[in-house]
Amino acid sequence: RPQARAESGLTFPTGFRWGTATAAYQIEGAAAEDGRTPSIWDVFSRTPGKVRNGDTGDIAADHYHRMREDVALMRDLGVSDYRFSVSWSRVQPTGRGPAVQKGLDFYRRLTDELREAGIRPVATLYHWDLPQELEAAGGWPHRETAERFADYAGLVAGALGDRVATWTTLNEPWCAAYLGYASGVHAPGRTEPAAALRAAHHFNLGHGLAVRALRAALPGPAEVSLTLNLHAVRPLSGSEADRDAARRIDALGNRVFLDPVFHGRLPEDLVADTAALTDWSFVRDGDLAVASEPIDSLGINYYSPTVVGAGVSESPSPWPGAEDRVRFEPAPGPRTAMDWPVDPDGLYELLVRLRDELPHVPLVITENGAAYDDYADPSGAVHDPERVAYLHAHLAAVHRALADGVDVRGYFLWSLLDNFEWAYGYGKRFGIVHVDFATQRRTPKDSARWYARVVARNGLAAS
Ligand code: PNW
């Protein structure tokens, strides 16, 4: 598929999808408008001490009221696709029962606007904002949440089915299960490692049930997908102990989702590693057949690799059962403002692994990007040279993977706008468009102009 490496730079395959990505709670604001009720992130962010600076998504980037302006920004970028998420609390406030028409109307207007701009809508059904009433009933460790998620998926597909090009069930169930229920740094802030493993299973189950609900409700064939933040796991050394640490993290971070979803099985080593926490009896007959309902592509979010060795890590840990076995070492080299290492080889390694393990599954990079402080000059122009360098290096890694036969269909840059960066609040800026949160003024950064040129030439200029 990739074209020859031309002297003029790196050209991507014809039809490669270039997009930007956002998520509802991070940009929409309007937290109490048109019938929306609190999600776990509203409750968590209003709990003192949970989010830096006490920031909440109450207003965020006010996208709910500035949607047309934001689509116009994407039209100027020239992107082919836009990945957004649907706020469950906006369309089905209690997580049960009928839809709120005004909530659905927002996404109708958004998808209308996108189609008029010639941009394919890519909708994620769950980007972490569980209706609080479902958390009160037990949240994702509770099996019923998976069933309610499937109902909600069917309801949204019934309303928007004719206007969404790609449906993604879940965004990063690793974060939602382990950061939400084990380390507690994300909503709902619980620190119960056994419950986090139950949550991981119910995410797999909910995904499969939602795939079935989508297929049943959609008017025609559509692309149905799942987005995982897979970990490019590297052992610190070739020692048996370090390699075993890497195997554990690969099981807990990657195969816990990949095996049920693509092979209809649980990793045996994962079950053994976590035996002190659970006997996995919450996995019922037939669940893994549901979880492995066929899908059309796999979305991958990549930011940094994960380097591990034998040792111990902090508690509460986002890795259930691995606290006293595994230590995490930052990869060497430069870091972003999140303190995450810049390591594009990790993305290449991950893509090649997936080519070998899932040769028939088309891949899409559904998130990649970086937080950096940016600099406004006296004219008001916003400069972010480190972000441009980060993006260039990661796209070069994607191109290298394409050249090595990995079936990558598209790339979505995280993120279109500076936004509510979860536990970090508004202090970390991932946008290629700067947002002044006091005035909601949008200013495209240098990286936005750079990305528009990438999209226009379908590739990278010689560096
Ligand atoms: C992803 N971690 O989150 C999310 O999908 C986005 O909503 C988010 O803004 C983006 O990446 C940047 O953070 C992650 O701790 C949050 O490993 C935390 C982790 C990974 C991904």
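Not measured: the values here are computed from a predicted model.

So, how was this worked out
- For every chain, the first residue of the written sequence is number 1, and numbering continues from 1 onward in sequence order.
- Given that this is a predicted model, residues contribute local features only at a pLDDT of at least 70 and side-chain atom pairs are listed and counted only at 80 or more, while totals for whole chains, interfaces and linings are drawn from all residues.
- No hydrogens and no water enter the side-chain calculation; it runs on all heavy atoms of the structure.
- When DSSP locates at least two bridges between a pair of strands, those strands are taken to pair.
- Only DSSP runs of H or I covering at least 4 residues are called helices, and only runs of E covering at least 2 are called strands; the numbering of each starts at the N terminus.
- Fitted lines through C-alpha atoms give the axes, limited to the stretch in contact for helices. The angle between two N-to-C directions lies from 0 to 180 degrees.
- UniProt positions are given in the numbering used here, feature names are shortened, and annotations may be inferred rather than shown by experiment.
- Here's how the labels work: a residue is buried when its accessible area is under 20% of the maximum for its type, exposed when over 50%, partly exposed in between, all with a 1.4 Å probe on protein chains only.
- Residue contacts are defined here by distance: any two heavy atoms, one from each residue, within 4.5 Å place the two residues in contact.
- In protein, a polar contact means a hydrogen-donor-capable atom and an acceptor-capable atom, both N or O and within 3.5 Å, with residues adjacent in sequence counting only if both atoms are side-chain atoms; elsewhere, any N or O pair within 3.5 Å suffices.
- Ring geometry is summarised as follows: Phe, Tyr and Trp rings, the Trp one being its six-membered ring, pair when their centres sit within 6.5 Å, and such pairs are stacked at plane angles under 30 degrees, edge-to-face over 60 and tilted between the two.
- By the definition adopted for this analysis, an angle is roughly parallel if under 35 degrees, roughly antiparallel if over 145, roughly perpendicular if from 65 to 115, and oblique otherwise.
- Whether a crossing is left-handed or right-handed is set by the direction in which the near helix is turned from the far one by less than a right angle, anticlockwise for left-handed and clockwise for right-handed.
- We call a residue near a given molecule or strand whenever any one of its heavy atoms falls within 4 Å of it.
- To be clear on the numbers: accessible area is Shrake-Rupley with a 1.4 Å probe, and residue cover counts the displayed protein chains and nothing else.

Asker: Help me get a handle on the sheet that holds strand S7 (residues 233-235), residues and values and all.
Answerer: Taken in spatial order, the 3 strands of this open sheet run S7-S9-S10, and their pairing is mixed. Unpaired on one side and paired on the other, S7 and strand S10 (326-329) mark the two borders of the sheet. Adjacent strand axes in the sheet meet at a mean angle of 40° when their direction is disregarded. Note that S7 and strand S9 (residues 306-310) share 3 bridges and pair parallel. When the sheet's bridge partners are listed, Pro 235 is paired in S9 with Val 308.

Asker: Quick rundown of the UniProt feature "active site" (unreviewed entry) in the protein chain? Include the residues and the values.
Answerer: Here, the residues flagged by UniProt with the feature "active site" (unreviewed entry) are Glu 172 and Glu 367. Annotated residues spanning 196 residues; largest pairwise C-alpha distance 10.4 Å, indicating a single compact cluster. By the element assignment, Glu 172 lies in the loop between strand S5 (166-171) and helix H8 (173-181). Using a relative accessible area of 6% as the deciding quantity, one classes Glu 172 as buried. Other than its neighbours up to four places away in sequence, Glu 172 contacts Trp 128, Thr 227, Asn 229, Asn 301, Tyr 303 and Glu 367. Turning to its location among the elements, Glu 367 is positioned in strand S11 (residues 363-368). With sequence-adjacent residues up to four places away left out, Glu 367 is seen in contact with Arg 83, His 127, Asn 171, Glu 172, Ile 300, Asn 301, Tyr 302, Tyr 303, Phe 412 and Trp 414. For Glu 367, the side chain forms a polar contact with the side chain of Arg 83, separated by 3.0 Å.

Asker: Tell me about H8, residues and numbers included.
Answerer: With 9 of 9 residues buried, H8 lies mostly within the body of the structure. Against strand S4 (120-126), helix H6 (132-136), S5, helix H9 (193-217), strand S6 (223-228) and helix H10 (240-263) lie the buried residues of H8.

Asker: So what about the packing of aromatic side chains? Which residues, and what values?
Answerer: Counted according to the given criterion, the structure contains 38 aromatic pairs. Note on Trp 88 and Tyr 152: the rings are 4.5 Å apart at their centroids and 10° apart in plane angle, and the pair reads as stacked. Placement of Trp 88 in helix H4 (residues 88-91) and of Tyr 152 in helix H7 (residues 144-160) is noted, with a sequence separation of 64 residues between them. A relative accessible area of 0% means that Trp 88 is categorised as buried.

Asker: Please set out the packing of H8 against H9 residue by residue, giving values where relevant.
Answerer: Between H8 and H9, the least distance of the axes is 8 Å, while the angle of their chain directions is 160°. One element, H8, and the other, H9, form an angle in the roughly antiparallel class. As for how H8 packs across H9, the hand of that crossing is right-handed. Contacts between H8 and H9 involve Pro 173, Ala 176, Ala 177, Tyr 178 and Tyr 181 from the first element and Pro 193, Ala 196, Leu 197, Ala 199, Ala 200 and Phe 203 from the second.

Asker: Break down the site of the ligand for me, citing the residues and quoting the values.
Answerer: If you check the shell around the ligand, you find 16 residues, and the closest are Gln 26, His 127, Glu 367, Glu 421 and Trp 422. Within the side chain of His 127, one N or O atom sits 2.8 Å away from an oxygen atom of the ligand. Contact between the ligand and Glu 367: an oxygen atom at 2.7 Å from a side-chain N or O atom of the residue. Protein chains shield 85% of the accessible area of the ligand, which is 450 Å² for the free molecule. For the shell around the ligand, the element with the most residues is H8, which contributes 3 residues.

Asker: So what's going on with the pairing of strand S14 (residues 408-414)? Which residues, and what values?
Answerer: Here S14 lies mainly inside the structure; 6 of its 7 residues are buried. Bridging between S11 and S14 involves 4 bridges; their strand directions are parallel. Note that in S14 the partner of Leu 363 across the bridge is Val 408.

Asker: Explain the UniProt feature "binding site: substrate" (unreviewed entry) in the protein chain to me, and be specific about the residues and the numbers.
Answerer: What UniProt calls "binding site: substrate" (unreviewed entry) maps, in this numbering, to Gln 26, His 127, Asn 171, Tyr 303, Trp 414, Glu 421 and Trp 422. Excluding residues within four positions of it along the chain, Gln 26 makes contact with Ala 60, Ala 61, His 127, Trp 414, Asn 419, Phe 420, Glu 421 and Trp 422. Polar contacts involving the side chain of Gln 26 include one to the side chain of Asn 419, which spans 3.3 Å. Mapping Trp 422 onto the fold places it in the loop between S14 and strand S15 (433-436). With sequence-adjacent residues up to four places away left out, Trp 422 is seen in contact with Tyr 25, Gln 26, Trp 41, Val 51, His 127, Trp 128 and His 186. A distance of 3.4 Å separates the side chain of Trp 422 from the side chain of Gln 26, its partner in a polar contact.

Asker: Any chance you could break down the environment of Pro 260 for me, citing the residues and the numbers?
Answerer: Turning to its location among the elements, Pro 260 is positioned in helix H10. Sequence separation between Pro 260 and Asp 287 is 27 residues, and the spatial gap between their C-alpha atoms is 8.9 Å. Residues within four places of Pro 260 in sequence aside, it is in contact with Asn 204, Arg 255, Arg 265, Leu 266, Leu 288, Ala 291 and Ser 292.

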